Amino acid sequence: MAGNRESNVQEESSPLLSLQFQEPEKPAKAAPAPAAQTDEKSPVQMGQVNGGGNGCGWTADGLPLTHGSVVSGEPMGRNQWDSDLLACLGRNDEFCSSDLEVCLIGSVAPCVLYGTNAERLSSSTGSSFASHCLTYSGLYLIGNAFFGWNCLAPWFAARNRTAMRHKFNLQGGCEAFQSSCGCCGSMGDEDQEQCEAFCDVGTHLFCHPCALCQEGREVRRRLPHPGFNAQPVLVMIPPGEQGMGREA
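Quick notes on the rules
- Residues numbered from 1 in each chain as written.
- Predicted model: local features only at pLDDT ≥ 70, side-chain atom pairs only at ≥ 80, totals over all residues.
- Heavy atoms only, no water.
- Helix = DSSP H or I, 4+ residues; strand = E, 2+ residues; numbered from the N terminus.
- Buried < 20%, exposed > 50% of the residue type's maximum accessible area, 1.4 Å probe, protein only.
- Contact = heavy atoms within 4.5 Å.
- Areas by Shrake-Rupley, 256 points an atom, 1.4 Å probe, with all protein chains shown as cover.
- Patch = residues over 30% accessible without salt bridge, like charges linked within 9 Å, V, L, I, M, F, W, Y side chains within 5 Å.
- Salt bridge = Lys/Arg side-chain N within 4 Å of Asp/Glu carboxyl O.
- Polar contact = N/O pair within 3.5 Å; in protein donor to acceptor, adjacent residues only side chain to side chain.
- Arc of directions from axis to C-beta.
- Axes fitted to C-alpha atoms, helices over the stretch in contact; angles between N-to-C directions.
- Parallel < 35°, antiparallel > 145°, perpendicular 65-115°, else oblique.
- Left-handed = near helix turned anticlockwise from the far one by under 90°.
- Nonpolar A, V, L, I, M, F, W, Y, C, P; charged D, E, K, R; others polar.
- Disulfide = S-S within 2.5 Å.

Draft legend 1. The arrangement of the overall build of the chain in detail. Looking only at helices and strands, one finds ten helices and two strands in the chain. Order of helices (α) and strands (β) in the chain, N terminus to C terminus: α-α-α-β-β-α-α-α-α-α-α-α. Per-residue burial for the chain yields a buried fraction of 31% across its 248 residues. Long-range contacts, defined here as pairs at least 24 residues apart, represent 61% of the contacts in the chain between residues at least 6 apart. Put simply, the chain shows about 17300 Å² of open surface, and 59% of that area lies on carbon and sulfur atoms.

In structure tokens:
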């Protein structure tokens, strides 16, 4: 009996006895594997890879990616001017009379031609023909009075050419020179746009009447006159009085 008690006491006092009745620990769950990274790139990232330095790169011979130039994975090419710079008499088509009018106005009253071009381009902003025409006339008079030639108005009119290129996706002079000779192909977006802006100014400085006429022919073929955009008015005419005759 004494031996049994001693064995029971030893078993109760043994620290290993309690470990036998403890529940086994559950294994820790493995952390989920990280999702595989895909190599797909957004259009903006693609523009940066293709040479865009500001996140809105230019596609090959197309528009900036921010303008939605990629349709079904294919870039949209540049549009050509409807007539050349030196084609002052225009083309022999349905706009032939309009081209002759543009040539006459551009030679005699360039302020009027500039005003009509700017009015068509900025028809959405509501700017009037008179404001554009008077501004051009003032710069024309100041340039001739102080410098002896019309040197200020061409600087002012060059912005219309830049706006027209952007609006209709037209090919600029710098881009046309690059495509013809194959040089300067590594220019960035900002350098390319600065080069096009300088070409627009140079075109107006050295060939201002022809540039105005070319823009006038282009804008008349692509945009209607703002005065012709009025909505038709439906006029309701009441029916005339009807009389009922008595039978004899």
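Draft legend 2. Region of the structure containing a nonpolar patch on the surface. A surface patch of nonpolar side chains, about 490 Å² in accessible area, is lined by Ile 142, Phe 146, Phe 147 and Trp 149. Counting through the fold element by element, Phe 147 comes out in the loop between helix H6 (129-146) and helix H7 (153-168).

Draft legend 3. Up close: the side chain of Ser 98. Tracing the backbone through its elements, the reader meets Ser 98 in helix H4 (residues 96-108). Here Arg 220 takes part through its side chain, which lies 3.2 Å from a polar atom of the side chain of Ser 98.

Draft legend 4. Structural view of helix H8 (residues 173-181). Inspection of H8 places Cys 174, Glu 175 and Gln 178 among the buried residues, and these make up the whole buried set. The buried residues of H8 occupy an angular sector of 100° when projected down its axis, which confines them to one face. Away from its buried face, by an angle of more than 90 degrees, H8 presents the exposed residues Phe 177 and Ser 180. On the buried face of H8, the contacting elements are helix H9 (189-206).

Draft legend 5. Summary view of the packing of H7 against H9. In the contact formed by H7 and H9, the axes pass within 8 Å of each other and the chain directions differ by 130°. Our classification of the angle between H7 and H9 gives oblique. The handedness of the crossing between H7 and H9 is right-handed. For the pair formed by H7 and H9, the contact residues are Pro 154, Trp 155, Ala 157, Ala 158, Arg 161, Thr 162, Arg 165 and His 166 on the first element and Glu 193, Glu 196, Ala 197, Asp 200, Val 201, Thr 203, His 204 and Leu 205 on the second. For the contact of H7 with H9, a count of residues per class yields seven nonpolar, four polar and five charged.

Draft legend 6. The arrangement of the pattern of salt bridges in detail. Across all of its chains, the model carries eight salt bridges by this definition. A salt bridge links Arg 221 to Asp 99; the shortest N-O distance between them is 2.9 Å. Of this pair, Arg 221 sits in helix H10 (residues 208-222) while Asp 99 sits in helix H4, placing them 122 residues apart in sequence. Across this residue pair, the class does not change: Arg 221 and Asp 99 are buried. One salt bridge in this structure joins Arg 222 and Glu 218, with 2.6 Å as the shortest N-O distance. With Arg 222 and Glu 218 both in helix H10 and four residues apart, this pair spans about one turn of that helix. The exposure class of Glu 218 is buried, given its relative accessible area of 1%.

Draft legend 7. Structural detail: the environment of Asn 169. Its location among the elements puts Asn 169 in the loop between H7 and H8. At 2.7 Å, the side chain of Asn 169 and the side chain of Arg 78 are in polar contact.

Draft legend 8. Spotlight on the state of the cysteines. A complete count under the given rule lists one disulfide for this structure. Disulfide pairing places Cys 174 opposite Cys 195 at an S-S distance of 2.3 Å. Residues Cys 174 and Cys 195 are joined through a disulfide that is right-handed, its torsion about the S-S bond being 95°. Taken together, the residues Cys 174 in helix H8 and Cys 195 in helix H9 connect sequence positions 21 residues apart. Free of any disulfide, Cys 133 has its nearest cysteine sulfur in Cys 111, 4.0 Å distant. Look at Cys 133 and you get buried, because its relative accessible area is 11%. Unpaired in this structure, Cys 207 has its nearest cysteine sulfur neighbour in Cys 210, at a distance of 3.5 Å.

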